[in-house]
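Given next are the chains, with one letter for each unit.
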Amino acid sequence: MYKRLLKIAAIALALSLSGCGLLPDKVDETKNWSASRLYSEARDELSSGNYEKAIQHFEKLESRYPFGTYAQQAQMEIAYAHYRQGEQPEALAAVDRFIKLHPNHPNVDYMYYLRGLINFNDRVGFLDFLSKQDPSERDPKAARDAFDSFKQLAERFPNSIYAKDAISRMKYLVNAMAQYEVHVAKYYYRRGAYLAAANRAQVAVSEYRDAPAVEEALYVMVKSYDAMDLPKLRDDADRVLRANFPNSVYFSGGPTSDKPWWQIW
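Residue numbering note: each chain is counted from 1, following its sequence as written. Given that this is a predicted model, residues contribute local features only at a pLDDT of at least 70 and side-chain atom pairs are listed and counted only at 80 or more, while totals for whole chains, interfaces and linings are drawn from all residues. Side-chain numbers come from the whole structure's heavy atoms, not from hydrogens or water.

Asker: Looking at this model, I keep getting lost on the overall build of the chain. Mind explaining?
Answerer: What counts as a helix is a DSSP run of H or I of at least four residues, what counts as a strand is a run of E of at least two, and both are numbered from the N terminus. The secondary structure content of the chain amounts to 12 helices and 0 strands. For the chain, the α and β elements follow one another from N to C terminus as α-α-α-α-α-α-α-α-α-α-α-α. Evaluated residue by residue, the chain yields a buried proportion of 40% over its 265 residues. The criterion used for residue contact is that any of the two residues' heavy atoms lie within 4.5 Å. For the chain, long-range pairs separated by at least 24 residues make up 60% of all intrachain contacts whose partners lie at least 6 apart in sequence. Accessible areas in this description were obtained via Shrake-Rupley with a 1.4 Å probe; residue shielding takes into account the shown protein chains only. Total accessible area on the chain stands at roughly 15700 Å², and carbon and sulfur atoms take up 53% of it. Relative accessibility under 20% of the residue-type maximum defines a buried residue, over 50% an exposed one, and the middle range a partly exposed one, all with a 1.4 Å probe and only protein chains included.

Asker: When you look at the side chain of Glu77 in this model, what are you seeing that I'm missing?
Answerer: Structurally, Glu77 can be placed in helix α4 (residues 69–84). Since its relative accessible area comes to 7%, Glu77 is described here as buried. Nitrogen and oxygen atoms within 3.5 Å of one another constitute a polar contact, given that in protein one can donate a hydrogen and the other can accept it, and given that sequence-neighbouring residues count only through two side-chain atoms. There is a polar contact of 3.1 Å between the side chain of Glu77 and the side chain of Arg43. Residue contacts for Glu77: discarding those within four places in its chain leaves Tyr39, Arg43, Leu46 and Phe58.

Asker: Just to check I follow, could you spell out the packing of helix α10 (residues 194–207) against helix α11 (residues 214–227) for this structure?
Answerer: Geometrically, a packed helix pair is captured by the angle between its two axes and the distance between the axes. Axes, fitted as lines to C-alpha atoms, cover a helix only where it is in contact. Angles between the N-to-C directions of the axes lie from 0 to 180 degrees. Axis separation between α10 and α11 bottoms out at 8 Å; the angle between their running directions is 155°. By the criterion of interaxial angle, the relationship of α10 to α11 is roughly antiparallel. Note that α10 runs across α11; the crossing there is left-handed. In this structure, α10 uses Tyr194, Ala197, Ala198, Ala201, Gln202, Ala204 and Val205 to contact α11, whose residues at the interface are Val214, Ala217, Leu218, Val220, Met221, Ser224, Tyr225 and Ala227. Each residue receives one of three labels: charged for Asp, Glu, Lys and Arg, nonpolar for Ala, Val, Leu, Ile, Met, Phe, Trp, Tyr, Cys and Pro, and polar for the others, Gly being one of them. Residues belonging to the contact of α10 with α11 are distributed by class as follows: 13 nonpolar, 2 polar and no charged. Reported orientations rely on four angle classes, namely roughly parallel under 35 degrees, roughly antiparallel over 145, roughly perpendicular from 65 to 115, and oblique for the rest. Working rule for handedness: look at the near helix, and if it is turned counterclockwise from the far one by less than a right angle, call the crossing left-handed; if clockwise, right-handed.

Asker: How do you make sense of the nonpolar core when you look at a structure like this?
Answerer: The nonpolar side chains of a soluble globular protein tend to be buried, and buried together. To define a nonpolar core, start from buried Ala, Val, Leu, Ile, Met, Phe, Trp, Tyr and Cys residues and group those joined through side-chain atoms within 4.5 Å. Ranked by size, the top nonpolar core spans 64 residues in total, and within it Phe58, Met111, Phe150 and Leu173 carry the most contacts. Here the element with the most residues in this core is helix α6 (residues 108–121); it accounts for 9 residues. Apart from residues no more than four positions distant in its own chain, Leu173 is found in contact with Phe120, Ala143, Ala146, Phe147 and Phe150.

Asker: Explain the packing of aromatic side chains here, please?
Answerer: Ring pairs (aromatic) are described by centroid distance and by the angle formed between their planes. The pairing test for Phe, Tyr and Trp rings, Trp by its six-membered ring, is centres within 6.5 Å, and the orientation test on the planes gives stacked under 30 degrees, edge-to-face over 60, and tilted for anything in between. Counted according to the given criterion, the structure contains 12 aromatic pairs. Joined through ring pairs, the aromatic side chains of Tyr110, Tyr113, Phe120, Phe150, Tyr162 and Tyr172 make up one cluster. Each ring is checked for a lysine NZ or an arginine CZ that lies within 6 Å of its centre and within 35 degrees of its normal; such an atom marks a charge sitting over the ring. Over the face of the ring belonging to Phe120 we find Arg169, whose NZ or CZ atom lies 4.8 Å from the ring centre.

Asker: Can you help me understand helix α8 (residues 141–156) in this one?
Answerer: Quick reminder: α-helices carry 3.6 residues per turn. Residues three or four places apart thus point the same way. Along its 16 residues, α8 runs 22 Å from first to last C-alpha, staying within 8% of the 22 Å computed at 1.5 Å per residue. Along α8, the positions that sit buried rather than exposed are Ala142, Ala143, Ala146, Phe147, Ser149, Phe150, Leu153 and Ala154. Looking down the long axis of α8, one finds its buried residues gathered within 165° of arc, a one-sided arrangement. Away from the buried face of α8 by more than 90 degrees, exposed residues Glu155 and Arg156 are located. Here a helix's expected span is defined as the number of its residues, less one, multiplied by 1.5 Å. Relevant arc is that of directions from the helix axis to the C-beta atoms, nothing else.

In C-alpha cells form, the structure reads like this:
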C-alpha cells in the first residue's frame, strides 16, 4: 500500500512539472513595436491615467532604444508618471537621474520645476499643523526642498516658462515655513516653555523677514519675554513690532476670537 501511494505521488509530481512546460509563455505584445509606437502607446496610457502601464512602456522604450531621441523623453515621462501616481521617492530619483545624465538638455529646466512640484505637493503633511496634531512633530523638510528646487530653477533659468510660477510658489513656501515656526513657538508658549517659544519665534523673524507671519512671531516674543520677566527683551521686541506693524491687531490683545490667542483649532 505504501509503495502504491508513493508511486501515485511520483506520477502526480511528474505531471505537474510537465504541465508547467505545456503552458504557453506570456506574450510581450510590445516585442516588435518601433520606438515611435512604444512612445505613442505609452503616452496614451499616461493620458488615460494608467500610470503603471505607461511607466512599463517608457522603460521598455528606454532599454530597447537607449540612444534615440525617444529615450531621453521617456526618462522625463517616467519621472512625471511616478509623480502623478504619488510615488515621490521614485519620481525624485527619476528626476535626479535625468538631470545628472543630461545637464544641458534643452528641457532640463522642466525637470528642476518638476522636482519642486514633487516636494511642493508633499507639503500637505507639513501643513497638517493646522489639524489637532502636535505641530512640533511636523517636519518642513519637503517645503525647504521644494523651495530649493524652485530657487535653482529661477536662478539658472530666469527666462524659463516655469520661472514665474516657481517664484510664486517660493513666496508661498516662505510664508508657510514662517507660519510653521510661529505655530511651533505658540505650542511651546502654551506649555510654559517660554524660552523655547521665544527662540522659535526669533527663527521666523530672522530667517523670513518679509513673511506676513513675522508680525505674529514678534508678538509671541513679547509675550514670552514678559512671561520670563525679561522687560528689556520684551520692550525691544515690542518696539520692533510697533515700528514695523503700527496698526497690528496684537496691540489690542490679538485677533478677535473666543479662543485663546495661541489656539488655532
